[in-house]
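# Architecture at a glance
Here are the chains, one letter per residue:
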Amino acid sequence: MKTVLTIAGSDCSGGAGIQADIKTICMNGGYAMSVITALTAQNTTGVSAIYEVTPEFLEAQLTAVFEDIFPDAVKIGMVSDEKLIKVIADCLQKYKPRNIVLDPVMVATSGAKLIKDKAITTLTKYLMPLATVITPNIPEAEILSDMKIESKEDMEKAAKTVSEKYSCAVLLKGGHSLNDANDLLYGKDGKEWFIGERIDNKNTHGTGCTLSSAIATNLAKGESLKSAVENAKQYISGALSAGLDLGHGSGPLMHNYNL
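Let us look at the structure shown here.

Each value, and the rule that gives it
Residues numbered from 1 in each chain as written. Predicted model: local features only at pLDDT ≥ 70, side-chain atom pairs only at ≥ 80, totals over all residues. Heavy atoms only, no water. Core = buried A, V, L, I, M, F, W, Y, C linked by side-chain atoms within 4.5 Å. Buried < 20%, exposed > 50% of the residue type's maximum accessible area, 1.4 Å probe, protein only. Axes fitted to C-alpha atoms, helices over the stretch in contact; angles between N-to-C directions. Helix = DSSP H or I, 4+ residues; strand = E, 2+ residues; numbered from the N terminus. Parallel < 35°, antiparallel > 145°, perpendicular 65-115°, else oblique. Left-handed = near helix turned anticlockwise from the far one by under 90°. Contact = heavy atoms within 4.5 Å. Nonpolar A, V, L, I, M, F, W, Y, C, P; charged D, E, K, R; others polar. Patch = residues over 30% accessible without salt bridge, like charges linked within 9 Å, V, L, I, M, F, W, Y side chains within 5 Å. Areas by Shrake-Rupley, 256 points an atom, 1.4 Å probe, with all protein chains shown as cover. Salt bridge = Lys/Arg side-chain N within 4 Å of Asp/Glu carboxyl O. Pairing = 2+ DSSP bridges. Polar contact = N/O pair within 3.5 Å; in protein donor to acceptor, adjacent residues only side chain to side chain.

Moving on, we come to the nonpolar core. Within the largest apolar cluster, 47 residues are counted, with the highest numbers of intra-cluster contacts made by L5, L62, I76, I88, L127 and I134. V4, V133, V229 and Y235 belong to the second largest nonpolar core, which has 25 residues in total.

Given below as structure tokens:
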């Protein structure tokens, strides 16, 4: 069985973060391991508190995983502290895992910036050049490319800029909701558009976490990047189409729809 490590924050309501990642990895045929960057008190209506781990404890978790069950792929989610980012980067450079999927969580759906400018600089300097693929949404890609994205042509230009600047493939998500947007994959092999399936479901909590974890799992299984993205998007569509409706806000996906 192929092994996948997720490095991210915990979502106590189970819809996003570590919990969504573990469900996704398991349902896509991988063995899931987790390194927690922060505990969050959150649900479908928002985040009320965040408790970050120390750099020392983060390093201890990473060492425990890499020195025993080496991951075939690594997914990195939200890391808001520059010291934690450096610990992760140092570990990846030391152990050199083959497949790294980075979800550069910077901007919330509401448009609010989730990490400080200094942490963004650290992320782009130390982590992004190590990634196999990064999965920004449009607001995040605007920050990374330093340009406004308002059209298909803008998406292509921004993805090309980011890919060449940081030497990694870019999956630029066309909107905040994966069920009503087209995504663009840009890398050394050129560009590939993925047409999003329109699904009438307001419950999209954790879609970004789920997509990046599914891609990482597919890469761990030996799929090409194009195939990994294509199959991950199919999984997302199935989890949305199942129509799970929990909570008072934007609810979680049905990760186990295919059981």
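It is at 8 Å that the axes of helix 1 (residues 17–27) and helix 7 (residues 207–220) come closest, and there the two elements cross at 40 degrees. Here helix 7 runs oblique to helix 1, going by the angle between their axes. Here the hand of the crossing between helix 1 and helix 7 comes out right-handed. Contact with helix 1, carried on its side by G17, A20, D21, T24 and I25, involves C209, T210, S213, A214 and T217 of helix 7 and no other residues of that element. Here the residues of the contact of helix 1 with helix 7 sort into 4 nonpolar, 5 polar and 1 charged.

Attention shifts here to a nonpolar patch on the surface. Together, M1, Y31 and I69 make up a nonpolar patch on the protein surface, roughly 340 Å² of accessible area in all. Locating M1 in the fold gives a position in the segment before strand 1 (3–11). Note on M1: relative accessible area 77%, which makes it exposed.

So, about the side chain of T210. Looking at the element boundaries, T210 is found in helix 7. Contact partners of T210, with chain neighbours within four places excluded, come to A20, T24, Y235, I236, L253 and H255.

Taken as a whole and judged by the stated rule, the model has 7 salt bridges. Salt-bridge contacts for K173 lead to D103; the nearest nitrogen and oxygen are separated by 3.9 Å. In this pair, K173 is assigned in the loop between strand 7 (169–172) and strand 8 (183–187) and D103 in the loop between strand 5 (99–102) and helix 4 (117–127), connecting sequence segments 70 residues apart. Both residues of the pair, K173 and D103, count as buried.

Turning our eyes to something else, we now look at the sheet that holds strand 9 (residues 190–194). Two orientations exist for strands paired in a sheet by backbone hydrogen bonds: parallel and antiparallel. Taken in spatial order, the 9 strands line up as 3-2-1-4-5-6-7-8-9 in an open sheet, and their pairing is mixed. Looking at the sheet topology across the chains shown, the edges are occupied by strand 3 (46–52) and strand 9. Where strand 4 (residues 73–76) and strand 5 come together, 4 bridges link them in parallel fashion. Across the sheet, A73 pairs through a bridge with N99, a residue of strand 5. Relative to the sheet, helix 1 contacts strand 1, strand 2 (31–43) and strand 4, its axis offset from that of strand 1 by approximately 150 degrees. Its contacts with the sheet place helix 2 (residues 55–66) against strand 1, strand 2 and strand 4, and it is angled at close to 155 degrees to strand 2.

This brings us to the side chain of N203. Considering the arrangement of structural elements, one finds N203 in the loop between strand 9 and helix 7. Taking the relative accessible area as the measure of exposure, N203 reaches 3% and is therefore buried. Among the polar contacts made by the side chain of N203, one reaches the side chain of K202 at a distance of 3.3 Å. In this structure the side chain of N203 is engaged in a polar contact, spanning 3.2 Å, whose partner is the side chain of D245. In this view, N203 contacts L240, L244, D245, G249, S250, G251, P252 and L253; residues no more than four positions away in its chain are not counted.

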